[in-house]
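Structural description and commentary
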Amino acid sequence: MKFARDFKETLANQDFPPHWVTRAIPYGQLKKCLKKVQRELRDLGLDPETLRALLDPTTTSPVALQYHLKTATNSNFVQPKLTVYVHLQDGVAVDASLTPTSRGFFERVAAEIRSDPMGLAGTHADTQSTETSPVLASGHDADRQADGNDHNMYETVEVPLVFDAEFFDMLQSDVNNLDALQTEEEGKMTAEVVELGKEVSFVCRTSRFSKSDLARWRRIFELYLDAEVFFSTHERDHGTRSSQMALKQLQWFQAEVEKGHLARDFKLRESRMAFSSQNPEE
């Protein structure tokens, strides 16, 4: 996964705060979980080719799949749900295009249907187990359509996807952590901006006109607004900046301040201290 490697290198090379790095989305772990998802589906007989065929909305196959993500009650976490609509004739899945492994899966489903006259069989798999048992949700006329007997019917089968659920739980937890980090950093930044405003206001208000740094501070703020470090208002590239572009714009701002000797030529010690508190490298 090239993106995961590039992301890891970016975190290592751009001097992000350690607590940012620890809350970054662990793409390596997500990739490992996706491999478990793939293996789980293959164990059910649902290899990539079969899935593509059965999920194709234009297919005429008597076996069809629907994949849904729904939010759990009183929770932000999503629950994956795979529903299989299978045409059974004398307990056998009717579809010549099924692979032997897929056919074996549906025949196992058919066997559970025959052993359970209520049309409910199987339980959700334990989250520590790689064995997935189907949950048969048919047993009503809306789900079962027969041509006069039960030898030719359609069954609705819900298949619990253990590792799909694990993947989305992991991803949702990581996103929640990032949301919390963003809220935390926004609070810190707001507090720092307010404090800087107070310091600049105090320095400019109490200094003698001959030693005022007001013009330099005004120019620094103008340059920062021009830099548009975190977002752009230009029509060509409006919107939030990527981390790489934000770094480039911040470096441009710092270079312009240095070129104009704005920070080095502060007349007042308080101005130099206020600027240095926001720019540790100064």
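What you are looking at is a predicted structure, and each value in this text was computed from that prediction instead of being measured.

Criteria and thresholds
- Residues numbered from 1 in each chain as written.
- Predicted model: local features only at pLDDT ≥ 70, side-chain atom pairs only at ≥ 80, totals over all residues.
- Heavy atoms only, no water.
- Salt bridge = Lys/Arg side-chain N within 4 Å of Asp/Glu carboxyl O.
- Helix = DSSP H or I, 4+ residues; strand = E, 2+ residues; numbered from the N terminus.
- Expected span 1.5 Å × (residues − 1).
- Buried < 20%, exposed > 50% of the residue type's maximum accessible area, 1.4 Å probe, protein only.
- Arc of directions from axis to C-beta.
- Phe/Tyr/Trp six-rings, centres within 6.5 Å; stacked < 30°, edge-to-face > 60°.

Considerations on the pattern of salt bridges
- Enumeration according to the criterion identifies 9 salt bridges in this entry.
- The shortest N-O distance in the salt bridge between Glu 222 and Arg 219 comes to 3.5 Å. Linking Glu 222 with Arg 219, this pair stays in helix α7 (residues 214-227), spanning 3 residues, or about one helical turn.
- One salt-bridge network, held together by shared partners, links Arg 23, Glu 184, Glu 185 and Lys 188.

Looking at helix α8 (residues 243-259)
- With 17 residues, α8 ought to run about 24 Å at 1.5 Å a step, and its terminal C-alpha atoms sit 24 Å apart, in line with that.
- Buried within α8 are the following residues: Ala 246, Gln 249, Phe 253, Glu 256 and Val 257. When α8 is viewed along its axis, its buried side chains cluster within an angular range of 100° and face the same direction. Exposed side chains of α8 directed beyond 90 degrees from the buried face belong to Lys 248 and Lys 259.
- Once α8 finishes, His 261 follows within two positions and takes phi at roughly 55°, a positive value.

A closer look at the environment of Glu 40
- Its location among the elements puts Glu 40 in helix α3 (residues 27-43).
- Along the backbone, Glu 40 and Phe 163 are 123 residues apart, and their C-alpha atoms lie at a distance of 7.3 Å.

Let's talk about the packing of aromatic side chains
- Throughout the structure, instances matching the rule amount to 7 aromatic pairs.
- Following the ring pairs from residue to residue traces out a cluster consisting of Trp 217, Phe 221, Phe 266 and Phe 275.

Structural notes on unusual backbone geometry
- Positioned with a positive phi, Glu 228 is a non-glycine residue whose angle comes to about 45°.
- Within the secondary structure, Glu 228 sits in the loop between α7 and β6 (231-232).
- Accessibility expressed as a relative area gives 14% for Glu 228, which makes it buried.
- The backbone of His 261 shows a phi angle near 55°, a positive value even though the residue is not glycine.
- Examined against the element boundaries, His 261 turns out to sit in the loop between α8 and α9 (269-278).
- Residue His 261 is classed as partly exposed on the basis of its relative accessible area of 35%.

Shape descriptors only; they carry no functional weight alone.
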